[in-house]
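Inside the fold
Letter by letter, the chains look like this.
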Amino acid sequence: LMLRPNATSALTVAFGMGSSYRTALRAGLEVEGVELVPSVPQMFGHFYPDASSILADPRGRLVIALFGRVAHRRVRARAVRRGDAGHAARRDVT
């Protein structure tokens with residue numbers, strides 16, 4: 001907000017304690033938060049007593065992206081493709 005006082009929206013990556021997400025909503029912004037670990041936002045209430053109302057705010061959207069699992073699968077698939085390009089199993093990897 002200090003760098004862009006006319007901002008109307010914000011993106012927070014890595015929810016953590018939820019401070020940035022909460023502050024942006026309280027400042028009146030439309031907020032999209034992205035967290036990679038599903039259990040992290042569940043701890044929000046331990047840090048802020050108004051956590052449930054913040055998460056229910058229609059101006060906010062919290063996305064849990066299981067990127068770690070997806071990235072791990074893609075890395076493994078590439079390793080198989082590069083490891084044995086002529087092997088029949090290569091066709092089974094997508």
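Now for a quick tour of the structure. (Residues numbered from 1 in each chain as written. Predicted model: local features only at pLDDT ≥ 70, side-chain atom pairs only at ≥ 80, totals over all residues. Heavy atoms only, no water.)

1. Notes on the overall build of the protein chain
The secondary structure content of the protein chain amounts to 4 helices and 3 strands. Counted from the first residue to the last, the protein chain has its helices and strands arranged as β-α-β-α-α-β-α. Within the span of the protein chain, comprising 94 residues, buried residues form 20% of the whole. Of the contacts made within the protein chain by residues no fewer than 6 positions apart, 52% connect residues no fewer than 24 positions apart. In the structure as shown, the protein chain presents an accessible area of about 7,100 Å², 56% of it carried by carbon and sulfur atoms. (Helix = DSSP H or I, 4+ residues; strand = E, 2+ residues; numbered from the N terminus. Buried < 20%, exposed > 50% of the residue type's maximum accessible area, 1.4 Å probe, protein only. Contact = heavy atoms within 4.5 Å. Areas by Shrake-Rupley, 256 points an atom, 1.4 Å probe, with all protein chains shown as cover.)

2. What to know about the sheet that holds strand E1 (residues 9-13)
The parallel open sheet is built from 3 strands, whose spatial order is E1-E2-E3. Strands at the two margins of the open sheet, each flanked by one partner only, are E1 and strand E3 (60-64). Neighbour-to-neighbour, the strand axes of the sheet open up by a mean angle of 15°, direction not taken into account. As judged from the 5 bridges shared by E1 and strand E2 (residues 30-35), these two strands associate in the parallel manner. From the neighbouring strand, Leu 11 faces E2, where its bridge partner is Glu 32. (Pairing = 2+ DSSP bridges. Axes fitted to C-alpha atoms, helices over the stretch in contact; angles between N-to-C directions.)

3. A short note on the pattern of salt bridges
Counted by the stated rule, this structure contains 3 salt bridges. Put simply, Glu 32 and Arg 61 hold a salt bridge, and the shortest N to O gap is 2.6 Å. On the criterion of sequence distance, the pair formed by Glu 32 in strand E2 and Arg 61 in strand E3 is long-range, its members being 29 residues apart. We classify Glu 32 as partly exposed; its relative accessible area is 31%. Arg 59 is the partner of Asp 57 in a salt bridge, and the nearest nitrogen-oxygen pair spans 2.7 Å. (Salt bridge = Lys/Arg side-chain N within 4 Å of Asp/Glu carboxyl O.)

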